[in-house]
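# Coordinates in review
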Amino acid sequence: MLVSQLLSTSVLLCTVSTVLAYPGMEMKLAKILSRQDDAAGEGIDEGDSDELLGDLITLQDGQLTRVGLDIKQLLTGGSTPESDDQYINVPALKSAQCKQDTCCVWKYIADDMAKLFRGPSGRCTKWARKAVRLGFHDAAGWSKGTASQGGGADGSLVLNPRELTLAENNGLQDIGQKMKEWYAKWHDKQGFQDITMADLIQMGANVATVVCPLGPRIKSYVGRKDSSVENPLLLPHPSDPADMLIELFENKTIRPHGLVALVGSHTTSQQFFVDTKRAGDPQDSTPGVWDVLFYGQTQGTAPTPKRVFKFDSDVALSKHEKTQQEWQEFAGPGGQKHWNEDYAREYIRLSLLGVNNINTLTECTKVLPPAIRTYKAPDQNNLNTWLNSNSQSALAKSLSDAINEGESILNTIITSLLGRLKSL
Ligand code: HEM
C-alpha cells in the first residue's frame, strides 16, 4: 500500500561428435536400478544426464576412492546429491589439527563467503547470485568436442586476463574481483597452497546456493587444478532458440532435463544487461529466494506481475517438447523437492566439467552453512506492489537496489518517507 502510494507519486555453438569411451555395463546397471527408484520419485529418468566425466571414464570400480565411487554413482543417477553433513568441532585455523583436515580451512572460507551472500532480509544477495553464475560460466568453457583443448571448471574465468572482460560475462566482474581477494587471502598469505581458484569458484557457487532460502545443500568437493589458459567460448545467449540451447548443453553432457534444472537458478536473479532500461528487474516475484515460482511464472501458469522480466531462452525452454514436461513438474506439486535434488545432481556434474582428477577430490560438504527449508519474506506485500508497477522512479530504483543487496525494502521505504518529511 505504502509502496503503491509512493510509487504513484514518484512515478555457438559447437556441433560435435561424441568421442568418449563407452562407460560400460556397470553404468547401464546403475541406470536401470535408478529408473526403478524413479517410480518412487527418486533417481534419474529419460532426459536426465548420465554420462561419466574425466578420469571416471577409464578407471575401473576397483581403482576408485570412496569419493570417486560416490561421484560415479551421482553422475549415473544413484547416491544422494544433497547432504546435511555438519562439521563438528572445527579446529582453530592455525592449529596443527586444522592442517591435517583438508576441509578445515574451507570451513573458514565458506563462513567468509556466507557473510557476503546472506542479506538482512534473509534473502540472498547479488553476490550470491553472481557467485552461482560465476560457477556456471567458469565450468561452461568445456564441451565434448573441445575437450582436447582443456577448459571447464579450472578457474580460468578469473585467472585469465581476458575471459571476464567478454560481454557474455557482463555483471560478473565484481564477483571475479572478490574471488581474487579471497584467493590472495587464503592461497598466498595463509600458506594454504592447495586452495585453487577453480575450487574457490565452485565452493562459492555451492555456499551461495544454500544461503539462498530453500536452496539445496549440494555435495561439495575440493582438489580441482587451476589453469589461466583462455577457455573456448561456449556460453548460451538469452535469444538462442531452445534447440540450440539443448544441443549446447548436450555437448557438455547435460541432457535436456538437466538444463531445465540448472536454468531454474534464474529464480534468484535480477537482470541488468539483457534490457538495460529495465535493469534490476527480477526473473520471478521472489528474487533472492530459491523457490519454484520461476518455473510457473516463466511458462505463464502462475500469475506474473509486470516487472517480472522473462528471458526468451527460458520461455522457449518452458515450451520445447524435450523440456516442457520437466518444466511443468518443477512448477507443480512436489516440484521444490524434485527440483532441489535434480539441481544438486546437475550442478555437481557442471562443477566437474573438464576436471580430470575426480578420483582424488576430497568431499567437504560439511563446511557449508545449513540449508534454510522454510522462508517467509518480511516485506513480500510491499515487494508485490513494486512488482506490479513498472515505474522507473528514483524510489523504484532504490527498492530494486535494496533487493539486490538482500535488504528488506521496508527500510528503504521508511528512509524515503523520512526524506520526504524533512523536505516538507
Ligand atoms: C539457457 C541457458 C542460460 C542463459 C541463456 C542464461 C542467461 C542469463 C542472463 C542473460 C542473465 C542476466 C545477466 C544480467 O543481465 O545481469 C543470467 C543471470 C543468471 N544466470 Fe543464467 N543463463 C543460462 C543458464 C544458467 C545456468 C545453467 C546457471 C547456473 C547453473 C545460471 C545462473 C544464473 C544466475 C544465478 C543469474 C543471476 C545473476 C544475478 O542476479 O546477478 N544461468 N543468465
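Residues numbered from 1 in each chain as written. Predicted model: local features only at pLDDT ≥ 70, side-chain atom pairs only at ≥ 80, totals over all residues. Heavy atoms only, no water.

Let me state the cut-off plainly: UniProt positions are given in the numbering used here, feature names are shortened, and annotations may be inferred rather than shown by experiment.
The name recorded for the chain in an unreviewed UniProt entry is Peroxidase, from Neoarthrinium moseri. Word for word, the UniProt comment on the chain under Sequence similarities (unreviewed entry) is "Belongs to the peroxidase family. Ligninase subfamily."

### Some details on the site of the ligand
This is how it is decided: Whether a residue is near a molecule or strand depends on its heavy atoms: if one lies within 4 Å, it is near. Identification of polar contacts relies on pairs of N or O atoms within 3.5 Å, with a donor-acceptor requirement for protein atoms, meaning one able to donate a hydrogen and the other able to accept it, and with residues adjacent in sequence counted only if both atoms are side-chain atoms. Strands here mean DSSP runs of E at least two residues long; helices mean DSSP runs of H or I at least four residues long; both are numbered from the N terminus. Side-chain classes follow a simple rule in which Ala, Val, Leu, Ile, Met, Phe, Trp, Tyr, Cys and Pro form the nonpolar group, Asp, Glu, Lys and Arg form the charged group, and the remainder, Gly included, forms the polar group.
Around the ligand sit 22 residues, and of these Ser 265, His 266, Ser 269, Phe 272 and Phe 273 come closest. Here an oxygen atom of the ligand and a side-chain polar atom of Arg 129 are 3.4 Å apart. At 3.0 Å from an oxygen atom of the ligand is found a main-chain nitrogen or oxygen belonging to Phe 272. Of all the secondary-structure elements, those providing two or more residues to the shell around the ligand are α6 (126–139) and α11 (256–263). A per-element tally of the shell around the ligand places α6 first, with five residues. Of the residues belonging to the shell around the ligand, the class tally is twelve nonpolar, seven polar and three charged.

### Notes on the coordination of the iron atom of the ligand
Threshold: Coordinating donors are taken as N, O and S atoms within 2.8 Å of the metal, stretched to 3.2 Å for Na, K and Ca; because water is absent from the atoms, sites can appear incomplete.
Of the protein atoms, His 266 (NE2) alone serves as a donor to the iron atom of the ligand, at 2.1 Å. Relative to the helices and strands, His 266 resides in the loop between α11 and α12 (293–299).

### Observations regarding the state of the cysteines
The cut-off we apply is this: To count as a disulfide, a pair of cysteine sulfur atoms needs to be within 2.5 Å.
The tally for this structure, following the rule as stated, stands at three disulfides. Here the bonded cysteines of the chain are numbered in sequence order, and their pairing is 1-3, 2-6, 4-5.

### Some remarks on the environment of Gly 406
Which entries qualify depends on this criterion: The contact criterion used throughout is that any non-hydrogen atoms of two residues lie within 4.5 Å.
In this structure, Gly 406 sits in the loop between α17 (394–404) and α18 (409–423). Residues Gly 406 and Arg 123 lie 283 residues apart in sequence; the distance between their C-alpha atoms is 5.2 Å. With residues up to four places along the chain from it excluded, the contact list for Gly 406 reads Gly 119, Pro 120, Ser 121, Gly 122, Arg 123, Cys 124 and Thr 125.

### Some details on the side chain of Thr 286
Our working rule: Only protein chains enter the calculation, and the probe is 1.4 Å; a residue is then buried if its accessible area is under 20% of its type maximum, exposed if over 50%, and partly exposed in between.
Secondary-structure assignment places Thr 286 in the loop between α11 and α12. By relative accessible area, which is 11% here, Thr 286 ends up buried. Of note is the side chain of Thr 286, whose polar atom sits 2.6 Å from the side chain of Asp 291. Once you skip the residues sitting within four places of it in the chain, Thr 286 turns out to touch Thr 267, Asp 291, Leu 293 and Gln 380.

### A short note on the packing of α6 against helix α8 (residues 173–189)
Let me state the cut-off plainly: Each axis is a line fitted through C-alpha atoms, taken for helices only over the stretch in contact, and angles between the N-to-C directions span 0 to 180 degrees. Should an angle lie under 35 degrees it is considered roughly parallel, over 145 roughly antiparallel, and from 65 to 115 roughly perpendicular; all remaining angles are considered oblique.
For the pair α6 and α8, the least separation of the axes is 9 Å and the interaxial angle reads 85°. The orientation of α6 with respect to α8, classified from their angle, is roughly perpendicular. When α6 is examined against α8, the residues Trp 127, Lys 130, Ala 131 and Leu 134 are found in contact with a partner set consisting of Asp 174, Ile 175, Lys 178 and Met 179. Among the residues making up the contact of α6 with α8, the classes are represented as five nonpolar, no polar and three charged.

### Some thoughts on helix α15 (residues 335–350)
How we decide: By definition here, a helix of n residues has an expected span of 1.5 Å times n minus one.
With 16 residues, α15 should cover 22 Å at 1.5 Å per step; its first-to-last C-alpha distance of 21 Å lies within 8% of that length. Burial within α15 is extensive, with 13 of its 16 residues counted as buried.

### A look at the packing of α11 against α15
Packed helices, taken two at a time, are described by the angle between their axes plus the distance between the axes. Here α11 crosses α15 at 105°, and the two axes come no closer than 8 Å. On the basis of the axis angle, α11 is roughly perpendicular to α15. Here Gly 258, Ala 261 and Leu 262 of α11 come into contact with α15, specifically with Trp 339, Asp 342, Tyr 343, Glu 346, Tyr 347 and Leu 350. Of the residues contributing to the contact of α11 with α15, the split by class is six nonpolar, one polar and two charged.

### Considering the pattern of salt bridges
Where we set the bar: One side-chain nitrogen of Lys or Arg within 4 Å of one carboxyl oxygen of Asp or Glu is enough to make a salt bridge.
On inspection of all chains with the given rule, the structure shows 20 salt bridges. Of the charged contacts in the structure, one is a salt bridge between Lys 219 and Asp 70, with a shortest N-O distance of 2.8 Å. In this pair, Lys 219 is assigned in the loop between α9 (197–211) and β1 (221–222) and Asp 70 in helix α3 (residues 66–75), connecting sequence segments 149 residues apart. Several salt bridges share partner residues, and in doing so they unite Asp 112, Lys 115 and Lys 185 into one network.

### Side note on the confidence of the model for the chain
Rules: What pLDDT expresses is the predictor's confidence in each residue, scored from 0 to 100.
Across the chain, the average pLDDT comes to 90, with 90% of residues at 70 or higher. Between residues 1–41, whose pLDDT stays under 50, and residues either more than four places distant or in other chains, the model counts 75 contacts.

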